[in-house]
Amino acid sequence: MNQRGIALGAAAAAAVVVMSMSMAAGIAIAAGSIADHVVISEVFPNPVGADRDKEWIELYNPTGEAVDISGWTGGSTRKPNLFTITDGTTMEPYTCYLIGEKEVFIRDLEAVLALANSGEDAHIILKNASGTIVDQVGWSTSSVYETAPCSEPEEGMSLQRKVNDTIDADGIHGPGWDTDDNSADFFTGAPDPRCSVYEPVAPLPELAPLILFVSGLCILAGYVLCARRRGTR
């Protein structure tokens, strides 16, 4: 291998390292990642039988920091004030918070939700205390959604946020995947409500940047070793 080839190879390896470091630092290179804010993680708009008093909405904090959710509100276009979270409420890292109607016994906050099963109002918009939208999820033929709405859940099924792009749920990682596309970020499954008393569950670590970084270092080290050996001949 000539000196020019070694230099080009080293430059390529260095580029891999720089790119992976950028990804690890949170620079937007990939289309999706673990959310850096509280998300709507599960919605149960269509219980078996009569919906009244059995609907709920689950929030999840995928970040490593506690988040004050005092005064946060949730609602739809037609019903903008379905709930307001009590002052002094904080979500610890990797925990859930459940807003449920009166027959949802593990709820953190009781509210009358009356969520639409389908149609233009089939969505939930979560806002912080300043009125800024934190997250929103639409299903069926909703007029509000991120990129595209989720499919309408069948009776007795809930809309659940994925663990990552290829895993719906694995039982050991939190639902923090977020590509700003409801149709890609959610799946329909058996309801699994969690409230704040459950043990924290961290999101799935994003290993791709780490693997890329280590691979780049190995390639760079290989080229350096090759160059040194060539120089000693």
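Figured I'd write up the structure that's included with this text.

**Re the overall build of the chain**
Point 1. Per the secondary structure count, the chain includes three helices and 14 strands.
Point 2. Taken over 233 residues, the chain has a buried fraction of 42%.
Point 3. As presented, the chain carries roughly 12000 Å² of accessible surface, and 56% of it is formed by carbon and sulfur atoms.

**Description of the pairing of strand β10 (residues 123-127)**
Looking along a regular strand, one sees the side chains alternate between the two faces of the sheet.
Point 1. Counting buried positions along β10 gives four out of five residues, so the element sits mostly inside the fold.
Point 2. One ladder, built from three bridges, connects strand β5 (residues 73-75) with β10; its direction is antiparallel. Within β10, the position partnered with T73 by the bridge is K127.
Point 3. One ladder, built from five bridges, connects β10 with strand β11 (residues 133-138); its direction is antiparallel. Paired with I125 across the bridge in β11 is Q136.
Point 4. Linking β10 to β11, which pair antiparallel, is a turn of five residues; within it G131 sits at a positive phi near 90°.

**Concerning the pattern of salt bridges**
Point 1. Summed over all chains, the structure comprises six salt bridges.
Point 2. R161 serves as the salt-bridge partner of D185, at 3.9 Å between the closest nitrogen and oxygen. Here D185 is found in helix α2 (residues 182-185), whereas its partner R161 is found in strand β12 (residues 158-161), with 24 residues between them in sequence. Each member of the pair, D185 as well as R161, is classed as buried.
Point 3. One salt bridge in this structure joins D192 and R194, with 3.6 Å as the shortest N-O distance.
Point 4. Of the residues examined, R194 reaches a relative accessible area of 26% and is grouped as partly exposed.
Point 5. Here the salt bridges do not stand alone but share partners, grouping D135, R161, D178 and D185 into one network.

Parameters at a glance
In every chain, residue numbers begin from 1 and rise along the written sequence. Local features in this predicted model are restricted to residues whose pLDDT is 70 or higher, and side-chain atom pairs enter the listing and the counts only when it is 80 or higher, whereas totals over whole chains, interfaces and linings include all residues. For the side-chain quantities, the full set of heavy atoms in the structure was used; hydrogens and water were omitted. In this text, helices come from DSSP runs of H or I with a minimum length of four residues, and strands from runs of E with a minimum of two, each type numbered from the N-terminal end. Between buried and exposed lies partly exposed: a residue is buried under 20% and exposed over 50% of the maximum accessible area for its type, with that area taken using a 1.4 Å probe on protein chains only. Reported accessibility uses the Shrake-Rupley method at a 1.4 Å probe radius. Residues are deemed covered only where the shown protein chains occlude them. At least two DSSP bridges between two strands are required for those strands to pair. In the sections that follow, a salt bridge refers to a side-chain nitrogen of Lys or Arg positioned within 4 Å of a carboxyl oxygen of Asp or Glu.

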